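Below are the chains, spelled out letter by letter.
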Amino acid sequence: MSAHTQTAEKGQNTTLLCQESYVCSGTDEAIFECDECRSLQCQRCEEELHQPERLRNHERTRIRPGHVPYCDSCKGANGNIMHASVTGARQIAAVRCQVCKINLCVECQKRTHAGGNRRKHPVTVYHAGKAQEQEEEEGMDEETKKRKMTEKVVSFLLVDETEEIQVRNEEDFIKKLDCSPDQHLKVVSIFGNTGDGKSHTLNHTFFYGREVFKTSPAQESCTVGVWAAYDPVRKVVVIDTEGLLGATVNLSQRTRLLLKVLAISDLVIYRTRADRLHNDLFKFLGDASEAYLKHFTKELKATTARCGLDVPLSTLGPGVIIFHETVYTKLLGSDHPSEVPEKLIQDRFRKLSCFPEAFSSIHYKGTRTYNPPTDFSGLRRAVEQQLENNTTRSPRQPGVIYKALKALSDRFSGEIPDDQMAHSSFFPDEYFTCSSVCLSCGCGCKKSMNHAKEGVPHESKSRCRYSHQYDNRVYTCKACYERGMEVSVVPKTSASTDSPWLGLAKYAWSGYVIECPNCGVVYRSRQYWFGNQDPVNTVVRTEIEHVWPGTDGFLKDNNNAAQRLLDGMNFMAQSVSELSLGPTKAVTSWLTDQIAPAYWRPNSQILSCKKCNTPFKDNDTKHHCRACGEGFCDGCSSKTRPVPERGWGPAPVRVCDNCYDNRGIQLDVAELPSEEEGGTLIARKVGEAVQNTLGAVVTAMDIPLGLVKDAARPAYWVPDHEILHCHNCRKEFSIKLSKHHCRACGQGFCDECSHDRRAVPSRGWDHPVRVCFNCNKKPGDL
């Protein structure tokens, strides 16, 4: 009854042409639609066709802009509807068959033109305009409009089974919901055992039976992780969760994930399909309530302050609707008409010692299914009634919902050790508290998960016991404690007021000291010749502290006198070496020339290698060829052979590459060494022997020097043989890259990562010493 030109493929309405071609040959614009002729007609064709008496009474309609005709196959000869769609109304045509000359909707086209020769019939596609769509909506009832609003809703994975959020940011969350950023929403989630039909319940309660959330008849769970979708009718975010009691891996993390979803929800539906309410329903809600009040209330308040949210996150939990479906048994409260089901539910909670006080309300909605399908109308009405109640939980923008979920995921995340699990509860404390255990007494930390990221130290309510392995004692000044202050003190080499060398001298005479910031030096270990008492009995109190993984010991040996002495000696040796480098080389070159044979070129005249012409630098060593006497680098004079013609033999000596290759050439008598040169040669040999001997002595002293360094190392320093690379930049140590210890943490670093200087009073270094980048960033005293 209407036709488009082929340009209609772009999705825009084009001019409707006459379909009769009786007078105009199909080129004129269609003006009328005749329902009984089943065609669109131009002005001339309409007048000619309806001149006969029997055709004058045909019902004709003037075509409006954007008009698309109805399907011809959906109605019989008398206009009655033969097949109806989901909405139960006449269907708008999608195509017109040019051969059959009929208009067809999508379903009729599939039914009549899907096979046989009709499959090849050419068709013209209709594109409904906005005017036509508005006309359709005006003709719909309210229920049909709501169905149409949910036709394009799709679900998406919000959080996977490892508790990882699958949306990148707040904008991505809003985009996947397909809603306005300023739209105020509520959150509805569903819980229940696996296989009880949670996804099916959401599809029929919110989306009129459309499979927005996937369902499956297979034994395996079809919902893994947390899925979300937006209901544009009720303005809510609908969340589908994994079923309880399912055979899954990472069970502890998945169970903890359920409580995160519960914390951001305004309404929770607990779906159960059983003839009687089981205890696990009450146990789950009771444990969830306890965990919510214990761990999530404080975190939601902190999230409101930290994120600067305009809408405060309610610290009172969501409302709960228990949706109970039975087949053979009566619903709860049917035997006691005088008692409401909610009262019976509360009695059941009390008998099981479960107290769901975190939830704002608990309602019961039951349905008995004599014959499928399940009736969800009662649940739908109960949900809509609870969503209209804003006294406890008010709607909020989708960005606020995302920030709350992100904050809870960041706080409560990480693996849960199986050996720490208390399986008697659905939500044990181990799901939400720090997993660190004291190395000395074995008790666990009672702080929230990931508290170290905020700089909060570990804490335990139980007392610790002393362990010699960790030496977990802490000294506090007794005089300050009696004045109401608790000041920690440590044994160290010298007082903070002593200079480094004076402190070493006092340490050698009177031993280590204990210094209080308020009272000064309160103890010296060898203050008297005899009768020195233990500090615990006189000036300090002893407390036993927990030893948490990754923390240092407490009263480790901070007597660093030996290391300070080595540091001082190394500094002096380095200074003398640097200051005397120039004069030493000049004197060495002069002495070498004085004992060198006459045919050797003087060192002052050797500026580059004779063979490769490489210039000599200050630190480069010059080598003389024993045959020709010229100066060479080590690479060009590494070969050895006897040179009897110069008096070097029979032992092999250093020669250059040229002289090594020309070993067959004999010198003239005039070139043989004279008696005077022979004496000089003997002096040179003696000088080389002395030099080699001193080199061997210096090399031999390197080994005991390493032993001295290990013996002088403070107890908290990592041993040199365990340090293979820089603790910060991970560069491997070698002969050219020296190791340096941070005086604060004791780890090994290269010079670039530990060139800062700072006092470390807690380790006995009261004057600026080497510290690493990380320790230098710490505020306060080290």
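One can find the structure itself at the top, above this paragraph.
Residues numbered from 1 in each chain as written. Predicted model: local features only at pLDDT ≥ 70, side-chain atom pairs only at ≥ 80, totals over all residues. Heavy atoms only, no water.

A separate point is the packing of helix 6 (residues 198–206) against helix 10 (residues 377–387). With their axes 9 Å apart at the nearest point, helix 6 and helix 10 run at an angle of 70° to one another. Relative to helix 10, the element helix 6 is oriented roughly perpendicular. Residues T201, H204, T205 and F206 of helix 6 form the contact with helix 10, whose participating residues are L379, R380 and V383. Residues of the contact of helix 6 with helix 10, tallied by class, amount to three nonpolar, three polar and one charged. (Axes fitted to C-alpha atoms, helices over the stretch in contact; angles between N-to-C directions. Helix = DSSP H or I, 4+ residues; strand = E, 2+ residues; numbered from the N terminus. Parallel < 35°, antiparallel > 145°, perpendicular 65-115°, else oblique. Contact = heavy atoms within 4.5 Å. Nonpolar A, V, L, I, M, F, W, Y, C, P; charged D, E, K, R; others polar.)

Using the criterion set out here, one finds eight aromatic pairs in the structure. One aromatic cluster in this structure is built from F156, F173 and Y402. The aromatic ring of Y481 is capped on one face by R541, whose charged end is 3.7 Å from the ring centroid. (Phe/Tyr/Trp six-rings, centres within 6.5 Å; stacked < 30°, edge-to-face > 60°. Lys NZ or Arg CZ within 6 Å of the ring centre and 35° of its normal.)

Pairing in this open sheet of three strands is antiparallel, and the strands run 2-1-3 from one edge to the other. On the outer flanks of this sheet lie strand 2 (39–41) and strand 3 (60–62), each paired with one strand and no other. Geometrically, the sheet is characterised by an average inter-axis angle of 30° between neighbouring strands, direction not taken into account. (Pairing = 2+ DSSP bridges.)

Another point: the pattern of salt bridges. Across all of its chains, the model carries 19 salt bridges by this definition. Among the ionic pairs, E46 bridges to R60, the shortest N-O distance being 2.6 Å. Here the residue E46 occupies a position in helix 1 (residues 43–49), and R60 occupies one in strand 3, the gap between them amounting to 14 residues. On the basis of relative accessible area, E46 is assigned to the buried category, the value being 8%. The exposure class of R60 is partly exposed, given its relative accessible area of 30%. E325 is the salt-bridge partner of R271, the closest N and O atoms lying 2.7 Å from each other. One end of the pair, R271, is in strand 11 (residues 267–273); the other, E325, is in strand 12 (residues 317–326), and 54 residues separate them in sequence. Given a relative accessible area of 1%, R271 falls into the buried group. Among the charged side chains, a salt-bridge network with shared partners connects E163, R256 and K260. (Salt bridge = Lys/Arg side-chain N within 4 Å of Asp/Glu carboxyl O. Buried < 20%, exposed > 50% of the residue type's maximum accessible area, 1.4 Å probe, protein only.)

Right, let's get into the state of the cysteines. Under the definition given, this model contains zero disulfides. With no disulfide of its own, C18 has C45 as its nearest cysteine by sulfur position, at a separation of 3.7 Å. Accessibility expressed as a relative area gives 5% for C18, which makes it buried. Free of any disulfide, C612 has its nearest neighbouring cysteine sulfur in C609, separated by 3.5 Å. Taking the relative accessible area as the measure of exposure, C612 reaches 34% and is therefore partly exposed. (Disulfide = S-S within 2.5 Å.)

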